[in-house]
Number of protein chains: 2
Amino acid sequence: MTYCVAMKLGAGMVFASDTRTNAGVDNISRVDKLHVFSRQGDRVIVALSAGNLSISQGAINQIERVALESPDKPNIYSVRSLYDVAELFGNALRDTRQREGEYLRAQNIDASASFIVGGQVAGERLRLFLVYSEGNFIESSDEAPFFQNGETKYGKPVIDRVISPDLALNDAIKLTLVSFDSTMRSNISVGLPIDLLVYPLDSFDASRQHRIEENDPYFRELGRLWNDGLKQAFAGIPEPQRLAVVA
Amino acid sequence: MTYCVAMKLGAGMVFASDTRTNAGVDNISRVDKLHVFSRQGDRVIVALSAGNLSISQGAINQIERVALESPDKPNIYSVRSLYDVAELFGNALRDTRQREGEYLRAQNIDASASFIVGGQVAGERLRLFLVYSEGNFIESSDEAPFFQNGETKYGKPVIDRVISPDLALNDAIKLTLVSFDSTMRSNISVGLPIDLLVYPLDSFDASRQHRIEENDPYFRELGRLWNDGLKQAFAGIPEPQRLAVVA
């Protein structure tokens, strides 16, 4: 299982993904699900993958190969809009599923995969897309400036409550990690380490990448404080009166 | 969609269900999903239904009819264990699905339904079961003394953090309502009113039933305080240092 989330704020974007993959519970390993395509000063594009790993890697491979082998064709380093980038991912998914899907379906293997794709291309604002397994895609709105993928529900309520377009980037990092903490407590198949990338608006700099490992002191402290804070919030609610059980 | 939850604590049990049903978004109404079978001093049995409404109502109908028309057969008012009650629900589901399932499947209609069944039969301890759509069932453990059904994920993290067998009944009511608040914020197809039943251990009294309506002042206050408390808990986490973006 995967959990990944991307937020688009006024000040920039935060991308994060877990790194666990499993083909059955006895075959668990780590993979990169956070993919960065950047050219200093011109574009930073981040893709978070979820779903069948061979399909998502096949799509990524196609995107990289076109850029490398056919630089005159429209590719991820040449198109002038993130909309076109989302379309590249959609088409790569369609091509890969067409090539591989039949063989997987014959073994009842789910051939679906999807991407969250976002970032900034020079001349454009920040943009964030969710590319579905069928290759179609949607862009995030200002009211809900985030996308999640994979095991999304456990970590959604806290984002719903806190996110707003004017959230500071450092708070967005906190919010992202709290959302991961909630998800990992309720679903053991989402696991550390977490890959995180922070992109400040107009920086065209993809260097703010961090891998949060098992023993990361900040993430541990955040989990502890969040747990204590929730219990305090719960304790702060008065007992029901009309509903109460009187012994 | 449905959300329902039942908790089994040392002091008693709490059952709750939303009351919304929909056959498409343009056909929404209220139904009872909390069903009580009680005989003063002898048993209190509560069933929370989820899934296809015609199937769950068909199963409930069969259970009531057997008790009424064949009182000499094992029925919900005569069996001496809640295990047998869970089996009655499982068999009623199997019978109903066998009778109706074929016609529904022909129209691609999901014919699955399931029950949370719990309570106390005189001579037994409190017991809580989850009866699957296939008619098999499991009993709750002491480590995780609750079952949820329907749209379970949004409201699960807070229960995971707070529940323990020695939780007071009034706190369990609070916890149940906080879990509903989280669920209803993230999924509009789960809606008020909430039906709630509180059963104190060894009381054999099913009278503590409440319907929490839209304008319930306690539920509103609880939602407000929980939201504020979460935001405070979030604010209480220090900013990331190593990860931080320095302007």
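Structural data are supplied above this passage.
Residues numbered from 1 in each chain as written. Chains lettered and ligands numbered in written order. Predicted model: local features only at pLDDT ≥ 70, side-chain atom pairs only at ≥ 80, totals over all residues. Heavy atoms only, no water.

Peer 1: Sorry, what's going on with the overall build of chain A here?
Peer 2: Counting secondary structure elements, chain A contains five helices and twelve strands. A compact globule built from 247 residues should have a C-alpha radius of gyration of about 18 Å, and chain A, at 20 Å, falls within 12% of that. In terms of overall dimensions, chain A has a C-alpha envelope of 75 × 45 × 35 Å along the principal axes. Counting over 247 residues, chain A shows a buried share of 57%. In chain A, of all internal contacts separated by at least 6 residues, the share reaching a separation of at least 24 is 65%. Total accessible area on chain A stands at roughly 10,800 Å², and carbon and sulfur atoms take up 48% of it. Averaging the locations of the 26 positively and 32 negatively charged side chains of chain A gives two centres separated by 2 Å. (Helix = DSSP H or I, 4+ residues; strand = E, 2+ residues; numbered from the N terminus. Rg over C-alpha atoms; globule rule 2.2 N^0.38 Å. Buried < 20%, exposed > 50% of the residue type's maximum accessible area, 1.4 Å probe, protein only. Contact = heavy atoms within 4.5 Å. Areas by Shrake-Rupley, 256 points an atom, 1.4 Å probe, with all protein chains shown as cover. Lys, Arg positive; Asp, Glu negative; His and termini not counted. Charge placed at Lys NZ, Arg CZ, Asp CG, Glu CD.)

Peer 1: What exactly am I supposed to notice about the sheet that holds strand 1 (residues 3–9) of chain A here?
Peer 2: Where strands meet in a sheet, backbone hydrogen bonds hold them as pairs that are either parallel or antiparallel. Residue and element names in this part refer to chain A. With antiparallel pairing, five strands are arranged side by side in an open sheet as 10-1-2-11-12. Sheet topology places strand 10 (146–150) and strand 12 (209–212) at the edges, where each strand pairs with a single neighbour. Direction aside, neighbouring strands of the sheet carry axes that sit 10 degrees apart on average. Pairing geometry for strand 2 (residues 12–18) and strand 11 (residues 194–200), over seven bridges, is antiparallel. Bridged to Gly 12 within strand 11 is Pro 200. (Pairing = 2+ DSSP bridges. Axes fitted to C-alpha atoms, helices over the stretch in contact; angles between N-to-C directions.)

Peer 1: Just checking my understanding: could you explain the relation of the copies chain B and chain A for this structure?
Peer 2: Between the two copies of this chain, the relationship is a rotation about some axis together with a displacement along it. For these two chains of identical sequence, chain B goes onto chain A by a turn of 180 degrees and a shift of 0.0 Å along the axis, with RMSD 0.0 Å. In the structure described here, the two chain copies are related by an operation that fits a two-fold rotation axis. Most of the interface of chain B is mirrored in chain A, where 100% of its interface residues again form contacts. (Least-squares fit on C-alpha atoms with pLDDT ≥ 70 in both.)

Peer 1: What exactly am I supposed to notice about the pairing of strand 6 (residues 43–51) of chain A here?
Peer 2: Consecutive residues of a regular strand have side chains that alternate between opposite faces of the sheet. Residue and element names in this part refer to chain A. The buried count for strand 6 comes to eight of nine residues, which makes it a mostly enclosed element. Across six bridges, strand 5 (residues 34–39) lies against strand 6 in antiparallel orientation. By the bridge assignment for strand 6, Val 36 is matched with Val 46. The antiparallel pairing of strand 5 with strand 6 creates a hairpin that spans three residues between the two strands, and Gly 41 there sits at a positive phi of about 80 degrees. Here strand 6 pairs with strand 7 (residues 113–121) via nine bridges, running antiparallel. Within the sheet, the bridge partner assigned to Ala 50 lies in strand 7 and is Ser 114.

Peer 1: Is there a simple way to explain the interface of chain B and chain A in this structure?
Peer 2: The extent of an interface is frequently quoted as the accessible surface area lost upon association of the parts. Contacts between chain B and chain A engage 48 residues on the former and 49 residues on the latter. Here chain B and chain A share an interface that buries about 4,600 Å² over both sides, 64% of which is from carbon and sulfur atoms. Run the count over chain B and chain A and you get four salt bridges. Between B:Lys153 and A:Glu151 there is a salt bridge, with the nearest N and O atoms lying 2.9 Å from each other. A total of twelve residues in the side of chain B that touches chain A trace back to one element, the largest contributor, which is helix 4 (residues 169–186) of chain B. Residues belonging to the side of chain B that touches chain A are distributed by class as follows: 26 nonpolar, seven polar and 15 charged. (Buried area = accessible area lost by both parts, 1.4 Å probe. Salt bridge = Lys/Arg side-chain N within 4 Å of Asp/Glu carboxyl O. Nonpolar A, V, L, I, M, F, W, Y, C, P; charged D, E, K, R; others polar.)

Function cannot be inferred from these measures alone, as they are strictly geometric.
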